[in-house]
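# Coordinate analysis (summary)
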Amino acid sequence: MAEVGGVRAGRDAFDPPTLQLLASVMTAIDDGFCVADASGAPVLANLAARRMLGLDEPGGARLDDGAFELDEVTPLARHDHPLRRALRGESTASTVFLRNDAAPQGVVVSVHAAPLRAAEGAVSGAVLVLRDVTAAFREMAERRMLEQELQARADELALVEVDRRSLVARLRQAVDALSTPLLEISEQVLALPIVGELDERRASLTTERLLEEVVRRRCRGVIIDITGVEAIDLAAAQHLLQMIRAVELLGAQCVVSGVGPAVAQALVDTGVELKRLRTSRVLRTALQDMTRLLGAAKGRV
């Protein structure tokens, strides 16, 4: 190839004035520009294209030498090279990895290739425009890697959160079981001491557990001791009355012991009829009351 102003072209491919004009244009741009004949041999290439394609290597080089897939390892199949596709009449835009003696570390290149046609329409060559996108590609790859690392970390944290929630749920179940123990007073009587706050969640769980045990043990009596409950709000009072009513619907007698002034006031404020509610000041008298109730019920049978 002949060279004018940093642009090489095949001999006699262009007259000197035209070649000089092309040289002025192509040396002013950073992109690579290359023209190949119908065989794929370069007939015109600016300096940027020669460096990216390795055309200045000893003995020269083919335009489709040193091309790899973006994994930088797998050689690009010759028939998939943008040049060969352009020579088959295709216009393409692709990204390839190029490595040669001029660029031993390799460069990532965006390649736009198009066929050149003779007057009769036959493909007479190809033109390639190349842009070095290594920096942008590396940045994108690093960003993807960082995103993958962040996603992996997020997945790990999600698993930790699942384990934490599972542990909290198990601990809560254990605390619920310990905070509402069911004591077997006799073969057919259970005692349920309630200590602390009686909120909606705890009342629901306590009621469910109590009713299950009443059915399973075929209990005839339940003593609910609320000595450890200093005060309850209106909602908690309603939950307590619902618990008592549920026990009675299962056919068991129910006595509430340890009712203090604040709890008594809350029960009254519910507006529910309390004539049937059996209460006792302390657990000892509640046991005596339960014994009389069960004895009377047995006598009626």
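For the structure, check the block above.
Everything in this summary refers to the structure shown in the same document.

So, how was this worked out
- Starting from 1, residues in each chain are numbered consecutively following that chain's sequence as written.
- In view of the model being predicted, local features appear only for residues whose pLDDT reaches at least 70, and side-chain atom pairs are presented and counted only at 80 or more, with totals across whole chains, interfaces and linings using the full set of residues.
- Side-chain calculation: all heavy atoms of the structure are included, whereas hydrogens and water are not.
- Each helix corresponds to a stretch of at least 4 residues labelled H or I by DSSP, and each strand to a stretch of at least 2 residues labelled E; elements are numbered beginning at the N terminus.
- For a helix, the expected span equals 1.5 Å multiplied by the residue count minus one.
- Burial classes follow relative accessibility: with a 1.4 Å probe on protein chains only, a residue under 20% of its type's maximum area counts as buried, one over 50% as exposed, and anything between as partly exposed.
- Along the arc lie the directions from the helix axis toward the C-beta atoms.
- A patch is a set of surface residues, each over 30% in relative accessible area and not in a salt bridge, joined within 9 Å for like charges and within 5 Å for the nonpolar side chains Val, Leu, Ile, Met, Phe, Trp and Tyr.
- Reported accessibility uses the Shrake-Rupley method at a 1.4 Å probe radius. Residues are deemed covered only where the shown protein chains occlude them.
- A pair is scored as a salt bridge if a Lys or Arg side-chain nitrogen falls within 4 Å of a carboxyl oxygen belonging to Asp or Glu.
- Counting rule applied: Lys, Arg positive; Asp, Glu negative; His and chain ends not counted.
- Positions of charges follow a simple convention, taking NZ of Lys, CZ of Arg, CG of Asp or CD of Glu.
- For each structure, a 1 Å grid was placed over the protein atoms alone; sets of points admitting a 1.4 Å probe that cannot get out are labelled cavities, open sets with protein on both sides within 12 Å along at least five of seven lines are labelled pockets, and lining residues have an atom within 4 Å of a point.
- Grid points are joined across faces, edges and corners, and a volume is the space filled by probe spheres set on the points.
- The nonpolar class holds Ala, Val, Leu, Ile, Met, Phe, Trp, Tyr, Cys and Pro. Asp, Glu, Lys and Arg form the charged class, and all remaining residues, Gly among them, are polar.
- Side-chain atoms within 4.5 Å are what join buried Ala, Val, Leu, Ile, Met, Phe, Trp, Tyr and Cys residues into a set we call a nonpolar core.
- A contact between two residues is defined here by any heavy atoms of the two lying within 4.5 Å.
- Axis angles are defined between N-to-C directions and span 0 to 180 degrees, where every axis is a line fitted to C-alpha atoms and, for a helix, only to the segment in contact.
- Convention used here: angles under 35 degrees read as roughly parallel, angles over 145 as roughly antiparallel, angles from 65 to 115 as roughly perpendicular, and any remaining angle as oblique.

### Examining helix 5 (residues 200-217)
- Under the 1.5 Å per step criterion, the end-to-end length of helix 5 is 26 Å for 18 residues, consistent within 8% with the ideal 26 Å.
- Residues of helix 5 that are buried: Arg202, Ala203, Thr206, Thr207, Leu210, Glu213 and Val214. Axial view of helix 5: buried residues confined to an arc of 135 degrees, hence all on one face. Exposed and facing more than 90 degrees away from the buried side of helix 5 are Glu200, Val215 and Arg216.
- Just downstream of helix 5 lies Arg218, where phi reads positive at about 55 degrees.

### Looking at a negative patch on the surface
- A grouping of Glu197, Asp199, Glu200 and Asp233 is seen on the molecular surface, where their side chains present a negatively charged patch.
- Secondary-structure assignment places Glu197 in the loop between strand 10 (189-195) and helix 5.

### Focus on the layout of surface pockets
- By volume, the largest pocket is sized at about 210 Å³.
- Lining the largest pocket, in full, are Leu241, Ile244, Arg245, Glu248, Val272, Glu273, Leu274, Lys275, Arg276 and Leu277.
- When its residues are assigned to classes, the lining of the largest pocket shows 5 nonpolar, no polar and 5 charged.

### Focus on the nonpolar core
- Counting 28 residues, the largest nonpolar core has Ile194, Leu210, Ile224, Ile226, Ile232, Leu240 and Val263 as its most contacted members.
- For this core, the secondary structure elements donating two or more residues are strand 10, helix 5, strand 11 (221-228), helix 6 (234-249), strand 12 (253-257) and helix 7 (261-269).
- With 7 residues, the top contributor of residues to this core is helix 6.
- Ignoring any residue separated from it by four or fewer positions in sequence, one finds Ile194 in contact with Arg202, Ile224, Asp225, Ile226, Gly228 and Val229.
- Among the nonpolar cores identified, the runner-up in size contains 24 residues, and Ala49, Leu98, Ala113 and Ala126 belong to it.

### What about the packing of helix 6 against helix 7?
- It is at 8 Å that the axes of helix 6 and helix 7 come closest, and there the two elements cross at 80 degrees. On the basis of their axis angle, the class for helix 6 and helix 7 is roughly perpendicular. Taking contact as the criterion, the partners of Leu234, Ala237, Leu240 and Leu241 in helix 6 are, on helix 7, Ala266, Leu267 and Asp269.
- Residues belonging to the contact of helix 6 with helix 7 are distributed by class as follows: 6 nonpolar, no polar and 1 charged.

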